[in-house]
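Overview (structure and organization)
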Amino acid sequence: MELLSVTNLTKTYGTGPSQVQALKGATFTMQKSEFAAIVGESGSGKTTLLNLIGALDTPTSGQIRLNGQDLFSMPEQARTIFRRRNIGFIFQSFQLIPELTVEQNILFPLLLDYQKPDPQKLNELLEILGLTNRRTHLPSQLSGGQQQRTAIGRALIHNPMLILADEPTGNLDSKSSQEVMDLLTRAAHHYRQTVLMITHNLGLTAYADRVLRVSDGNLTDLGGSHDEKLS
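The following refers to the structure shown.

Contact pair helix H4 (residues 119-129) / helix H5 (residues 144-156): the axes reach a minimum separation of 10 Å and the direction vectors enclose 145 degrees. The handedness of the crossing between H4 and H5 comes out as right-handed. Mapping the contact onto sequence places Lys121, Leu125 and Leu129 in H4 and Arg149, Ile152, Gly153 and Leu156 in H5. Broken down by class, the residue content of the contact of H4 with H5 amounts to four nonpolar, one polar and two charged.

Moving on, we come to the packing of aromatic side chains. Under the definition given, this model contains one aromatic pair. When the ring of phenylalanine 89 is compared with that of phenylalanine 91, the centres are 5.9 Å apart and the planes differ by 5 degrees; the resulting orientation is stacked. Overall, phenylalanine 91 belongs to the partly exposed group, its relative accessible area being 21%.

Residue position: threonine 194 is located in strand E8 (residues 194-198). By relative accessible area, threonine 194 is classed as buried at 0%. Engagement of the side chain of threonine 194 in a polar contact is seen with the backbone oxygen of glutamine 31, the distance being 3.5 Å. In contact with threonine 194, not counting residues within four places along its chain, are Leu3, Met30, Gln31, Lys32, Ser33, Glu34, Met161, Leu162 and Ile163.

It is worth spelling out unusual backbone geometry at this point. Even without glycine at this site, serine 33 takes up a positive phi of about 70 degrees. Since its relative accessible area comes to 14%, serine 33 is described here as buried. Unlike most non-glycine residues, alanine 55 shows phi in positive territory, near 60 degrees. Within the secondary structure, alanine 55 sits in the loop between helix H1 (46-53) and strand E4 (61-66).

Definitions and cut-offs
Residues numbered from 1 in each chain as written. Predicted model: local features only at pLDDT ≥ 70, side-chain atom pairs only at ≥ 80, totals over all residues. Heavy atoms only, no water. Axes fitted to C-alpha atoms, helices over the stretch in contact; angles between N-to-C directions. Helix = DSSP H or I, 4+ residues; strand = E, 2+ residues; numbered from the N terminus. Left-handed = near helix turned anticlockwise from the far one by under 90°. Contact = heavy atoms within 4.5 Å. Nonpolar A, V, L, I, M, F, W, Y, C, P; charged D, E, K, R; others polar. Phe/Tyr/Trp six-rings, centres within 6.5 Å; stacked < 30°, edge-to-face > 60°. Buried < 20%, exposed > 50% of the residue type's maximum accessible area, 1.4 Å probe, protein only. Polar contact = N/O pair within 3.5 Å; in protein donor to acceptor, adjacent residues only side chain to side chain.

Structure, rendered in structure tokens:
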């Protein structure tokens, strides 16, 4: 079942001689519960692509449909609500709220949307994340890996249709990186959530079902995650 459709997506910054085409007609689709990785050098346009799909930025032209909904045909307020309810974000810098505990950070998307948390689901998620005995800790009391697992919990708690992960292991050691990738794989294959991840680490593409490359604003679908396709 097709969940995400990106068609002829472009993004241009500036005008005249200083104009930069960050994205040039990107087109691809993703199926429900698929895990795809986007690779590319710094400045290639991959973060621009992720921000557009997450409705954090507006395209110059093109279309993005999530579960049949055209993101940019919606009024801005409706798009904000749709994004909050249907897209989960995981950032390299964690972006946890320092004054909130692990439990409160995870529940934040639900509280922001005035939804009542399910205690059983929260407890199950904390156990899967290995954070049960850290639920009352503040971010400053956690390791980098624990902070990123908290961020993953925040992205999963409201059952979003799409999870966007921007360099989710960029600030982590190898052991924590593996734990994070195992959790993202579980989100896609066990919880049937669709995951789109940006990474500089080509080794992490082995976890993905499919690899996309962005180079100078151009998107290429490399298919399955095979090292020889990335060379």
